[in-house]
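# Results of the structural survey
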Amino acid sequence: MNDSIMNFTISNVEAMYPKINRTYKFDSTEQRSVPCDAMDAGAEYNMRFRMDKDQAKALYEAMAKAYADKKEANWAPKLAFPFKKEEDGTYTHKAKLKGAYGVEATRKPAQFDSKGVRLDDDFLLTTGSTVNIAVIFKPYIMNKDAGVSLRLKAVQVVKYKPMEENSPFGVVEGGYQAKEVKNDSPFEAVDEPIAEPKKVEPKKATKEKVEDNDLSAIVDNWDD
């Protein structure tokens, strides 16, 4: 199989709920993912990511090529649409790596900054960060369902979104304040309310005749 088909980099997508600093597994009692040992059943590194339509199309086409290259007689003739389409028109999907294959633990996905410098081993990637994701396509068939999984190799942080920590406390009047709040505004306070500008109703746009474009229709409906 062609290695160029199997290796792929998903560029400039939004990280969602990354759990790649160590292995995690789903705990049915707590109903959430919890840290675990790499050899535990269900242990894995994983992260979801958000794409726009063009990014999703490029990824799907690459996955479809890998699928076609591996496809056997009992597989579906075409790769089924694997992404989740969100209400805002974006698409989400998941890349993951098992904590172990057989009796050998895997090496956790490496993380790099935008200059290609490896980040510290305990670096915590955050939801909302922009990343490049290096994956390996793994075509498979399981219980007669065939598809292509994305085996996570490495992540490059293009833009980092600092982690936000919300205080569990309310305001205590007259208490200690670490930073003095200064009013640096060049404007004076306005005591009287300012009248709102009058609203102007926009003119109705006239309809223009748009010719049908078969290619555009194909692109718009590529995920149907």
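Here is what the cut-offs are and how they apply
Positions within a chain are numbered from 1, following the residues in the order the chain's sequence is written. Residues qualify for local features only when their pLDDT is at least 70, as the model is predicted, and side-chain atom pairs are given and counted only at 80 or more; totals for whole chains, interfaces and linings, by contrast, use all residues. Side-chain calculation: all heavy atoms of the structure are included, whereas hydrogens and water are not. Joining through side-chain atoms within 4.5 Å is the link that ties buried Ala, Val, Leu, Ile, Met, Phe, Trp, Tyr and Cys residues into a set, and such a set is a nonpolar core. Only protein chains enter the accessibility calculation, which uses a 1.4 Å probe; a residue whose area is less than 20% of its type maximum is buried, one above 50% is exposed, and one in between is partly exposed. Starting at the N terminus, helices and strands are each numbered in turn, a helix being any DSSP run of H or I of at least four residues and a strand any DSSP run of E of at least two. The contact rule is simple, with two residues in contact once any of their heavy atoms fall within 4.5 Å. Stacked, tilted and edge-to-face are the three classes assigned to paired rings of Phe, Tyr and Trp, where Trp is represented by its six-membered ring and a pair needs centres within 6.5 Å; plane angles under 30 degrees give stacked, over 60 edge-to-face, the rest tilted. In what follows, salt bridge is the name for a side-chain nitrogen of Lys or Arg lying within 4 Å of a carboxyl oxygen of Asp or Glu. Polar contacts, as counted here, are pairs of nitrogen or oxygen atoms within 3.5 Å of one another; within protein the pair requires one atom able to donate a hydrogen and one able to accept it, and residues that are adjacent in sequence qualify only if both atoms are side-chain atoms. Confidence scores labelled pLDDT are given residue by residue by the predictor and lie between 0 and 100. Strands pair, by our definition, only if DSSP identifies at least two bridges between them.

M47, F49, L59, L125, I133, F137 and L150 are the most contacted members of the largest nonpolar core, which has 33 residues in total. Of all elements in the fold, only β1 (7-27), β3 (44-51), α2 (53-70), β5 (91-98), β9 (130-142) and β10 (145-159) reach the threshold of two or more residues within this core. A total of seven residues in this core trace back to one element, the largest contributor, which is α2. Excluding residues within four positions of it along the chain, L150 makes contact with I10, F49, L59, M63, H93, K94, A95, K96, V135, I136 and F137.

For the rest of this paragraph, the subject is unusual backbone geometry. For N143, which is not a glycine, the phi torsion comes out positive at approximately 50°. A positive phi angle is found at K144, which is not glycine, with a value near 70°. The residue K144 is located in the loop between β9 and β10 in this model.

Our next topic: the packing of aromatic side chains. Note on aromatic pairs: each is described by the distance of the centres and the angle between the planes. Summed over the entire model, instances satisfying the criterion amount to six aromatic pairs. Relative to F81, the ring of Y60 has its centre 6.4 Å away and its plane inclined at 50°; by these criteria the two rings are tilted. With a gap of 21 residues between them, Y60 in helix α2 and F81 in the loop between α2 and β4 (84-85) connect regions that are remote in the sequence. Relative to W75, the ring of Y67 has its centre 5.5 Å away and its plane inclined at 45°; by these criteria the two rings are tilted. An identical accessibility class is assigned to Y67 and W75; each is buried.

What follows concerns the pattern of salt bridges. Oppositely charged side chains are able to pair whenever their charged atoms sit close together. Summed over the entire model, instances satisfying the criterion amount to seven salt bridges. Between D88 and R50 there is a salt bridge; the shortest N-O distance is 3.7 Å. Taken together, the residues D88 in the loop between β4 and β5 and R50 in strand β3 connect sequence positions 38 residues apart. Residue R50 is classed as partly exposed on the basis of its relative accessible area of 22%. As a salt-bridge pair, D121 and K108 come within 3.2 Å of each other at their nearest N and O atoms. Within this pair, whereas D121 is found in the loop between β8 (110-112) and β9, its partner K108 is found in the loop between β7 (104-105) and β8, the two being separated by 13 residues in sequence. Residue K108 is classed as buried on the basis of its relative accessible area, which comes to 18%.

It is worth spelling out the environment of Q156 at this point. Topologically, Q156 is positioned in strand β10. The spatial distance from the C-alpha of Q156 to the C-alpha of S11 is 9.2 Å, given a sequence separation of 145 residues. For Q156, the residues in contact, after removing those within four places along its chain, are F112, D113, S114, K115, G116, T130, V131 and N132. A polar atom in the side chain of Q156 sits 3.1 Å from the backbone oxygen of D113.

In this model, the chain carries a mean pLDDT of 84, and residues with pLDDT of at least 70 account for 76%. Model confidence for the chain, summarised as mean pLDDT per element, is weakest for helix α3 (residues 214-220) at 43 and strongest for β5 at 98. Overall, residues 205-219 carries pLDDT values under 50, and its contacts beyond four positions in sequence, including any with other chains, amount to two contacts.

Bridging between β8 and β10 involves three bridges; their strand directions are parallel. The residue bridging Q111 from the neighbouring strand is V155, located in β10. Two strands pair when backbone bridges link them, and β9 and β10 are joined in this way by 13 bridges, in the antiparallel orientation. Paired with T130 across the two strands is K159, which belongs to β10. Between β9 and β10, which pair antiparallel in sequence order, lie two residues; one of them, N143, sits at a positive phi of approximately 50°.

Moving on, we come to the pairing of β3. Taken across its eight residues, β3 has six buried, putting it largely inside the fold. Pairing of β1 with β3, which is carried by five bridges, proceeds in the antiparallel orientation. Within β3, the residue paired with E14 across the bridge is R50. Bridging between β3 and β5 involves eight bridges; their strand directions are antiparallel.

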